[in-house]
Amino acid sequence: MNRKTLLALTLAAPLAHAAEESHTQHTHSMQDDEHAAHQHMGHGYPAPQEASAPAAPNLRHAPNEPDHVMDHEVLLTKVTIDQLEARENDGGALEGSVWFGGDKHKAWFKTEVERAEGETEKAELQALYSRAIAPYWDLQMGVRHDFELESDSRNWGVLALNGLAPYFFEVDTSLFVGEDGDTALRLEAEYELLFTQQWILSPEIEVNFFGQNTPETHTGSGLSDVEAGLRLRYEFTPQFAPYIGVNYEKKFGNTADFARDDGEATSETTWVIGLHAWF
């Protein structure tokens, strides 16, 4: 072997070793891939682990998220005086409400007082629990107390539904059950017609039914009475609005008979002047 041959063999040896190592690594890589594929095809081996997805944020308890905010109701109070008015013939009326609570749960108090010819004809107070059951609709339950001057005062259980009907009619329906099993039903509806942002015409109607004759309170079974009003108010601010209007009342059936027996009229129309306010 001459010197040129020895030199060529010396240079070729490292290249041959590198080629062998590359072939060995390629073979092992292919074997690993085949082994992984075998495991994935479900031959009793665990499937290859995939990179776990990042955990979803817990929106329910995340601050400043809508559902987090809704978990905490803001408690509010509103006092409304629907009618504080003087009527013809030394009469007057007060109708208003106070509620305290959040959007869903409220404590609600209502009162109505009516006077005619200097005497109180009607005075009642309702204490109710109110729960929102749909947008703009509340289901209410509680008690009502009638302050009677000529007979014993009476207590009623109350189940009521009030809200905003289609075409923006405000509706209040109340079923009353007395201590002796007496029953009564009251239906009320009101609408607001805006001539301008300040001048508002408000027609309303109230219809009362009773399930029995009660001579002590001059109420008869069936349709008892209807009261309708038409009031025009001017809102200096939304919270303060004086008004003028007219109020009409009519008694029906046995209630009208009780009125005739006492020498009273069964219907009456009066002019009114008053104040509507809330805060």
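Note that the coordinates shown come from a computational prediction; the quantities given were computed from them, not determined experimentally.

Definitions and cut-offs
- Residues numbered from 1 in each chain as written.
- Predicted model: local features only at pLDDT ≥ 70, side-chain atom pairs only at ≥ 80, totals over all residues.
- Heavy atoms only, no water.
- Core = buried A, V, L, I, M, F, W, Y, C linked by side-chain atoms within 4.5 Å.
- Buried < 20%, exposed > 50% of the residue type's maximum accessible area, 1.4 Å probe, protein only.
- Helix = DSSP H or I, 4+ residues; strand = E, 2+ residues; numbered from the N terminus.
- Contact = heavy atoms within 4.5 Å.
- Patch = residues over 30% accessible without salt bridge, like charges linked within 9 Å, V, L, I, M, F, W, Y side chains within 5 Å.
- Areas by Shrake-Rupley, 256 points an atom, 1.4 Å probe, with all protein chains shown as cover.
- Salt bridge = Lys/Arg side-chain N within 4 Å of Asp/Glu carboxyl O.
- Lys, Arg positive; Asp, Glu negative; His and termini not counted.
- Charge placed at Lys NZ, Arg CZ, Asp CG, Glu CD.

Colleague: What is the right way to read the nonpolar core from this model?
Modeller: Within soluble globular proteins, side chains that are nonpolar generally end up buried alongside one another. Judged by nonpolar contacts, W99, W108, L128, W156, V158, A160, F176, A184 and F210 together constitute the single largest core of nine residues. Here this core takes three residues from strand β6 (residues 154-165), the largest share from any one element. Sequence-distant contacts of F176, that is, excluding residues within four places in its chain, are made with Q126, R144, W156, G157, V158, D182, T183, A184 and R186.

Colleague: Could you clarify how one ought to interpret a negative patch on the surface in this entry?
Modeller: Together, E88, D90, E117, E119, E121, E150, D261, D262, E264 and E268 make up a negatively charged patch on the protein surface. Within the element layout of this structure, E121 appears in strand β4 (residues 119-134). Under the relative-accessibility criterion, E121 is labelled exposed at 53%.

Colleague: What is the right way to read the pattern of salt bridges from this model?
Modeller: Think of it this way: side chains of opposite charge can pair up when their charged atoms draw near. The tally for this structure, following the rule as stated, stands at 15 salt bridges. Across the pair E227 and R87 runs a salt bridge, and its minimum N-O distance is 3.4 Å. Here E227 is found in strand β11 (residues 222-234), whereas its partner R87 is found in strand β1 (residues 76-87), with 140 residues between them in sequence. Taken individually, E227 and R87 each receive the classification buried, so the pair is uniform in this respect. E112 serves as the salt-bridge partner of K122, at 2.9 Å between the closest nitrogen and oxygen. With K122 in strand β4 and E112 in strand β3 (residues 105-116), the pair connects residues that are 10 residues apart, well separated along the chain. The burial state of K122 is the same as that of E112; both residues are buried.

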